[in-house]
Amino acid sequence: MEVSARTKPHNKQLEVSVFGPGRGESIVVHIGNDKWVIIDSCYDKDLGEPAALAYLRSINVDIRRNVVLIISTHWHDDHIRGLSKCVEECESASFCCSEAFNKKSFFEMISAYDVNKITKSGSGTSEIVNVFNLLSERGESVLKAIADRPLYKAGAGELECAIVALSPSDEQVDAFHFDIAGIKIKVGDSRKRAPSCSPNHSCVVTLIQVGEQSILLGADHEETTSPNTGWTAIVNSTLRPKVKCSVYKVAHHGSENGHVDAVWEEMLIDQPHAVLTPYRNSKLPKNEMIEEILKKTETAYSTARNSDINTNVKRDKVVDKMIKETVGKIKTEPKTGHVRIRNRVDGDINAWESELFSGACHLRHFSCMQ
Amino acid sequence: MNTKTTDSISVDLDRSKLVSNMAQSLETIQLQSNIDAKIIHNNMADKHSSLTRLVRQFEAKDLQSVPVNGQKKHKERSNFIPLQEWEGYVLDIQEDLFTASLLDLTNKREVPDEEAEFAISEIAEPDVEFLSIGAVFRWVLGYRIKPSGQSRESQIIFRRMPKWNLESKARADRNAERLMKTLSWK
């Protein structure tokens, strides 16, 4: 963690910190008075722990007491690595995940793959199973996220704060269970690692309002062809708070499916602060989408300059030669970067200040993969 | 550097098994013929001689070896010295390529933090059927040492994972039910 990043926000200062890549992304939000929210988890391989925990520790946040909410927008190991560690350490936090998970077929699927602990790379579902086991041992309830449901409201005497889930819609929950049926194990099938489903119908989009400020966290939400799912369902909802957000965590790593003009026009202010995390597997974001985002706002950032880099593991020259002959190059995630933006709770909605750490950059400096 | 098993190990194995079976039959016949020599002497003697003839023919053929490309075939002994090993799992499959996440076992990495694209032609023929999203394999780079010399070799070996059976499915279902019962939602 860079020394310059180790400054704690004061009580009336909001903060949105976005970390990635590093097997997914993670967001940490200061909602005032030293109360914190964590959304998803990514593993910082250099620090050997979840990026969110490493950061909060570095700025002397009492993790056990002051993290009030952890939201998981996804279930696959690749996207939430370290989430169970976050739940374990943040003892006072409520845990929130998609309403779509609260069904027998989902539990049967994650348990079936989790039985398969015969590979070193993991089962694909063990992180979420570990989270549920922890909560079960503690006797804690899981907070269900479904479209337009309040997840958190600050108590009396605290800063006014409301956190609302904007997805999944009822139709998305049904679609998610249809997808899960497709990857459910059958007796007689060879065991393997759990594959992920696409699009991610269980995704939780979150709106955070503190004082004058509103923040939209787009998760991996994508547009679909149905008006009852995807971004269109959120934009058209009559129940969602009708506010325009000044900070936007760009949906789905800046993919074409995650980009919907109506979101920028109806849910965001003109020239909001936008942050994305690159994603190696799908080579995101692509050039054309970077241009689209930069047309919408000049203040757009990426947590890394590339979606991937050549591996930096030192190996024998003969091995390097054989790698070149067999696969060309081995790729790896770039160092986990950090975009931090802060503003006063009662500050002007355009007065957010951004800071870039550990390889994070302005979006116009991002180098797309060929 | 594709490595495919093109020799006829299975044929060799079948042949040696047959010879061994025949030899066992012969021993049985010899034993039986000692006990019941007076009663079935003629029959056994016939069987004995015909089986002996068969085994000798087979052994003679085996010793001659099966010619391959005009040469006498004999299996060259070889050793494989691994230099680097990963555990991988398949993320995506395209027409001629598959992408895999890699966990470096040689350098004892904790998480699978590398990724590569492999040509499907790199997979040995018997392993192609195991290629599917989520399938787990070992990728090993090393030297193949033979009396005739050494060569570099890349091996992709898909793990023959046990199948989900009724017992493992029932165990998973019990875990799921326990979690469902003990977790409350609000």
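In the block above lies the structure referred to throughout.
An account of the accompanying structure is given in this report. All figures in this text were calculated on a predicted structure; none of them were measured in a lab.

Cut-off values and rules
- Residues numbered from 1 in each chain as written.
- Chains lettered and ligands numbered in written order.
- Predicted model: local features only at pLDDT ≥ 70, side-chain atom pairs only at ≥ 80, totals over all residues.
- Heavy atoms only, no water.
- Helix = DSSP H or I, 4+ residues; strand = E, 2+ residues; numbered from the N terminus.
- Rg over C-alpha atoms; globule rule 2.2 N^0.38 Å.
- Buried < 20%, exposed > 50% of the residue type's maximum accessible area, 1.4 Å probe, protein only.
- Contact = heavy atoms within 4.5 Å.
- Areas by Shrake-Rupley, 256 points an atom, 1.4 Å probe, with all protein chains shown as cover.
- Core = buried A, V, L, I, M, F, W, Y, C linked by side-chain atoms within 4.5 Å.
- Pairing = 2+ DSSP bridges.
- Axes fitted to C-alpha atoms, helices over the stretch in contact; angles between N-to-C directions.
- Left-handed = near helix turned anticlockwise from the far one by under 90°.
- Nonpolar A, V, L, I, M, F, W, Y, C, P; charged D, E, K, R; others polar.
- Parallel < 35°, antiparallel > 145°, perpendicular 65-115°, else oblique.
- Buried area = accessible area lost by both parts, 1.4 Å probe.
- Salt bridge = Lys/Arg side-chain N within 4 Å of Asp/Glu carboxyl O.
- Polar contact = N/O pair within 3.5 Å; in protein donor to acceptor, adjacent residues only side chain to side chain.
- Arc of directions from axis to C-beta.
- Disulfide = S-S within 2.5 Å.
- Phe/Tyr/Trp six-rings, centres within 6.5 Å; stacked < 30°, edge-to-face > 60°.
- Lys NZ or Arg CZ within 6 Å of the ring centre and 35° of its normal.

Check the secondary structure of chain A and you find 10 helices and 20 strands. Taking 2.2 N^0.38 as the reference for a compact globule, 370 residues should give roughly 21 Å; the C-alpha atoms of chain A span a radius of gyration of 20 Å, in line with that estimate. Along the first, second and third principal axes, the C-alpha set of chain A runs to 60 × 45 × 45 Å. Here chain A, with 370 residues, has 62% of them falling under the buried criterion. In chain A, once contacts between residues fewer than 6 apart in sequence are set aside, the share between residues at least 24 apart is 71%. In the structure as shown, chain A presents an accessible area of about 13,900 Å², 46% of it carried by carbon and sulfur atoms.

Residues and elements named next belong to chain A. In terms of nonpolar packing, the biggest core is built from 54 residues, with Ile70, Phe95, Phe106 and Phe132 touching the most fellow members. Of all the elements, helix α4 (residues 104–115) adds the most residues to this core, at 7 residues. Ignoring sequence-local partners within four residues, the contact set of Phe106 consists of Trp75, Ala100, Phe101, Phe132, Phe176, His177 and Ile180. Grouped together as the second largest cluster of nonpolar side chains are 33 residues, Ile71, Leu143, Val247 and Ala360 included.

Here we take up the sheet that holds strand β17 (residues 331–332) of chain A. The sheet built from 7 strands is open, its strands ordered β16(A)-β17(A)-β5(B)-β4(B)-β3(B)-β6(B)-β7(B) with antiparallel pairing. The open sheet has two edge strands with one neighbour each: β16 (309–310) of chain A together with β7 (149–158) of chain B.

Take the environment of Ile234(A) next. Residues and elements named next belong to chain A. Mapped onto the fold, Ile234 is located in helix α7 (residues 230–236). Owing to a relative accessible area of 3%, Ile234 belongs among the buried residues under this scheme. In the structure, Ile234 is positioned 68 residues away from Leu166 in sequence and 6.3 Å away in space, judged by C-alpha atoms. Contacts of Ile234, omitting those with residues within four sequence positions, involve Leu166, Ser167, Val205, His221, Arg240 and Met267.

Take the packing of α4(A) against helix α6 (residues 170–183) of chain A next. All names here are of chain A. One can describe the packing of α4 onto α6 by two numbers: an axis separation of 10 Å at closest approach and a directional angle of 35 degrees. Handedness of the crossing formed by α4 with α6: left-handed. For the pair formed by α4 and α6, the contact residues are Ser105, Phe106, Met109 and Tyr113 on the first element and Phe176, His177, Ile180 and Ile183 on the second. Residue composition of the contact of α4 with α6, grouped by class: 6 nonpolar, 2 polar and no charged.

Before going further, it helps to examine the packing of helix α5 (residues 126–138) of chain A against helix α3 (residues 166–182) of chain B. Following both chains from N to C, one finds α5(A) and α3(B) inclined at 45 degrees, their axes separated by 9 Å at the closest point. Taken together, α5(A) and α3(B) sit at an angle that is classed as oblique. Read as a crossing pair, α5(A) and α3(B) show a hand that is left-handed. Two secondary-structure elements touch here, α5(A) through Phe132(A), Asn133(A) and Ser136(A) and α3(B) through Arg178(B), Leu179(B) and Thr182(B). By residue class, the composition of the contact of α5(A) with α3(B) is 2 nonpolar, 3 polar and 1 charged.

Turning to the interface of chain A and chain B, a few remarks are in order. Contacts between the two partners involve 63 residues from chain A, matched on the other side by 59 residues from chain B. Around 5,500 Å² of area is buried between chain A and chain B when both sides are counted, 61% of it from carbon and sulfur atoms. By the criterion of area lost to chain B, the three top residues of chain A are Arg191(A), Met322(A) and Thr326(A), representing 12% of everything that side buries. For the interface between chain A and chain B, the tally reads 6 salt bridges. Salt-bridge contacts for Glu115(B) lead to Arg280(A); the nearest nitrogen and oxygen are separated by 3.0 Å. Linking chain A to chain B there are 28 residue pairs in polar contact (both at pLDDT 80 or more). Here the side of chain A that touches chain B gets 8 residues from one element, more than from any other, and that element is helix α10 (residues 317–327) of chain A. Classifying every residue of the side of chain A that touches chain B by side-chain character gives 22 nonpolar, 16 polar and 25 charged.

Close approach of charged atoms allows side chains with opposite charge to pair. Residues and elements named next belong to chain A. Taken as a whole and assessed by the stated rule, the structure comprises 33 salt bridges over all chains. Note that Arg57 is salt-bridged to Glu89, the shortest N-O span being 2.9 Å. Separated by 32 residues along the polypeptide, Arg57 in helix α1 (residues 51–58) and Glu89 in helix α3 (residues 83–89) bring together distant segments of the chain. Classification of Glu89 as buried rests on a relative accessible area of 12%.

All names here are of chain A. Along helix α9 (residues 287–296), the positions that sit buried rather than exposed are Met289, Ile290 and Ile293. Looking straight down α9, one finds that the buried residues subtend no more than 105 degrees of arc, so they occupy a single side. Exposed residues on α9 whose side chains face more than 90 degrees from its buried face are Glu291 and Lys295. Packed against the buried residues of α9 are α8 (261–266), β14 (268–276) and β15 (300–302).

Take Asp104(B): it is sitting in strand β4 (residues 97–104). Take Asp104(B): its relative accessible area is 0%, and that puts it in the buried class. A distance of 3.0 Å separates the side chain of Asp104(B) from the backbone nitrogen of Thr106(B), its partner in a polar contact. A polar side-chain atom of Asp104(B) sits 2.7 Å from a polar atom in the side chain of Asn107(B). Dropping the residues within four chain positions of it, Asp104(B) is found in contact with Val313(A), Arg315(A), Gln84(B), Glu85(B), Trp86(B), Arg109(B) and Glu114(B).

Moving on: the state of the cysteines. Considering all chains together, one arrives at 0 disulfides over all chains under this definition. Residue Cys203(A) stays outside any disulfide, its sulfur separated by 12 Å from that of Cys96(A), the closest cysteine.

In this structure the tally under the stated criterion is 18 aromatic pairs over all chains. An angle of 50 degrees between the planes, with centres 5.7 Å apart, marks the rings of Phe106(A) and Phe176(A) as tilted. Highlighted residues: Phe106(A) in helix α4 and Phe176(A) in helix α6, separated in sequence by 70 residues. Using a relative accessible area of 2% as the deciding quantity, one classes Phe176(A) as buried. Geometrically, the ring pair formed by Tyr113(A) and Trp164(B) is edge-to-face, given 5.4 Å between the ring centres and 85 degrees between the ring planes. Here the residue Tyr113(A) occupies a position in helix α4, and Trp164(B) occupies one in the loop between β7 and α3, the pair thus bridging two chains. Taking relative accessible area as the criterion, Tyr113(A) reaches 3% and is therefore assigned buried. An aromatic cluster of at least three residues, connected via ring pairs, comprises Trp75(A), Phe101(A), Phe106(A), Phe107(A), Phe132(A), Phe176(A) and Trp185(B). In this structure, Arg193(A) is placed above the aromatic ring of Tyr89(B), and the distance from its NZ or CZ to the ring centre is 4.0 Å.

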